[in-house]
Amino acid sequence: MNNNDILRRFRYALDIKDTEMVEAFRLSGYEIDRDGVKNFLKKDGEEGQVKCNDRILGLFLDGFITYKRGKMENGKERKPDKKMTNNMILKKMQIALGFRSDDMLKIFRLAGLEISNSELSALFRNKEHNNYKECGDKYMRNFLKGLTICYRDVD
């Protein structure tokens, strides 16, 4: 999955308005207007589509965390990530939504993917850890599908 697709599906699943996306970007220090957001959301190959790189997706997710949960208590700013992996994206989505492990498992289950608690925790481990598991597109696709089912009552 590419970053534009992830951004599109996440926005659709949670029914995030353009103005909310602009605000999330602003909270991360990235200035963009509604037209700029719409260009990220256009389908692949559609005229005017702008590629969403890892840094921009990371800024949006960091801003969305701040939008949903408020600023960090210690006053620190989140540092933008230059390279985003599906594991990092999934973790940022989990934080923004305030999900615990059982919430994540429920979302995967709604999409028809049964994973164990240990398999889920392996997705969030440090890359250097023995039990680290790479979050492939299958997990990301199913998580976004489960979010859509949960929040939009779509089957």
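In short, a report on the structure. (Residues numbered from 1 in each chain as written. Predicted model: local features only at pLDDT ≥ 70, side-chain atom pairs only at ≥ 80, totals over all residues. Heavy atoms only, no water.)

### Notes on the pattern of salt bridges
Stated formally: Salt bridges are identified by distance alone: a Lys or Arg side-chain nitrogen within 4 Å of an Asp or Glu carboxyl oxygen. In this description a helix means any DSSP run of H or I spanning at least four residues, a strand means any run of E spanning at least two, and both kinds are numbered starting from the N terminus. Think of it in three bands: residues with accessible area under 20% of the maximum for their type are buried, residues over 50% are exposed, and the middle band is partly exposed, with areas taken using a 1.4 Å probe on protein chains only.
Applying the stated criterion to the full structure yields 13 salt bridges. Between Arg8 and Asp5 there is a salt bridge, with its nearest N and O atoms 3.6 Å apart. One end of the pair, Arg8, and the other, Asp5, are both in helix α1 (residues 3–14), three residues apart, so they sit about a helical turn from each other. By relative accessible area, Asp5 is classed as buried at 16%. Residues Arg109 and Glu114 are paired through a salt bridge, measuring 3.6 Å at the closest nitrogen-oxygen approach.

### Regarding the packing of helix α6 (residues 101–110) against helix α8 (residues 137–152)
What counts, and what does not: Orientation is described by axes fitted as lines to C-alpha atoms, over the contacting stretch for helices, and by angles from 0 to 180 degrees between their N-to-C directions. By definition in this entry, angles of less than 35 degrees are roughly parallel, angles greater than 145 are roughly antiparallel, angles of 65 to 115 are roughly perpendicular, and the rest are oblique. Contacts between residues were defined by any pair of non-hydrogen atoms, one from each residue, lying within 4.5 Å. Under the scheme applied here, ten amino acids are nonpolar (Ala, Val, Leu, Ile, Met, Phe, Trp, Tyr, Cys and Pro), four are charged (Asp, Glu, Lys and Arg), and all others, including Gly, are polar.
Look at α6 against α8: their axes get within 7 Å of each other, and the N-to-C directions meet at 90°. Between α6 and α8, the angle is such that the two are roughly perpendicular. Mapping the contact onto sequence places Met104, Lys106, Ile107, Phe108 and Leu110 in α6 and Tyr139, Asn142, Phe143, Gly146, Leu147, Ile149 and Cys150 in α8. Classifying every residue of the contact of α6 with α8 by side-chain character gives nine nonpolar, two polar and one charged.

### With respect to the environment of Thr148
Along the chain, Thr148 falls in helix α8. On the basis of relative accessibility, which here comes to 13%, the residue Thr148 falls in the buried class.

### Comments concerning the packing of aromatic side chains
We count it as follows: Note on aromatic pairs: the rings of Phe, Tyr and Trp (six-membered ring only in Trp) are paired at centre separations within 6.5 Å, and the planes decide the class, stacked below 30 degrees, edge-to-face beyond 60, tilted for the rest. The criterion is that NZ of a Lys, or CZ of an Arg, lies within 6 Å of the ring centre and within 35 degrees of the ring normal, and then a charge sits over that ring.
This structure, assessed with the given rule, holds nine aromatic pairs. Measuring from ring centre to ring centre gives 5.4 Å for Phe10 and Phe64, while their planes differ by 80°; the resulting arrangement is edge-to-face. Taken together, the residues span a long stretch of sequence, with Phe10 in helix α1 and Phe64 in helix α4 (residues 54–69) at a distance of 54 residues. Residue Phe10 is classed as buried on the basis of its relative accessible area, which comes to 1%. On the basis of relative accessible area, Phe64 is assigned to the buried category, the value being 2%. These aromatic residues form a ring-pair network of at least three members: Phe10, Phe25, Tyr30, Phe40, Phe60, Phe64 and Tyr67. Its end group placed over the ring of Phe124, Lys91 keeps NZ or CZ at 5.0 Å from the ring centre.

### Brief notes about α4
Note the cut-off: A helix is expected to reach a length of 1.5 Å times the quantity of its residues less one. In protein, a polar contact means a hydrogen-donor-capable atom and an acceptor-capable atom, both N or O and within 3.5 Å, with residues adjacent in sequence counting only if both atoms are side-chain atoms; elsewhere, any N or O pair within 3.5 Å suffices.
Spanning 16 residues, α4 covers 22 Å between terminal C-alpha atoms, matching the ideal 22 Å at 1.5 Å per step. Counting buried residues along α4, twelve of its 16 residues qualify, which places the element largely inside the surrounding structure. Of the residues making up α4, those classed as buried are Asp54, Ile56, Leu57, Gly58, Leu59, Phe60, Leu61, Asp62, Gly63, Phe64, Ile65 and Thr66. Each element contacted by the buried residues of α4 is listed here: α1, α2 (18–27), α3 (34–41) and α5 (86–97). Between the side-chain oxygen at the start of α4 and the backbone nitrogen of Arg55 there is a gap of 3.1 Å, and the oxygen is on Asn53.

### Some remarks on unusual backbone geometry
Positive phi is not limited to glycine here, since Asp15 has a value of about 55°. Note that Asp15 resides in the loop between α1 and α2. Judged by its relative accessible area of 39%, Asp15 falls in the partly exposed class.

### Re the nonpolar core
A general trend in soluble globular proteins is that nonpolar side chains are found buried together. We count it as follows: Buried Ala, Val, Leu, Ile, Met, Phe, Trp, Tyr and Cys residues form a nonpolar core when they are joined through side-chain atoms within 4.5 Å.
With 42 residues, the main nonpolar core has Phe10, Phe60, Met93, Phe143 and Leu147 as its most contacted residues. Put simply, the parts of the chain that give this core at least two residues each are α1, α2, α3, α4, α5, α6, α7 (117–123) and α8. No other element matches the six residues that α4 contributes to this core. Excluding anything up to four places from it in sequence, Phe10 contacts Ile16, Phe60, Leu61, Phe64, Met93, Leu97, Leu144 and Leu147.

All quantities given are derived from atomic positions and should not be read as evidence of function.
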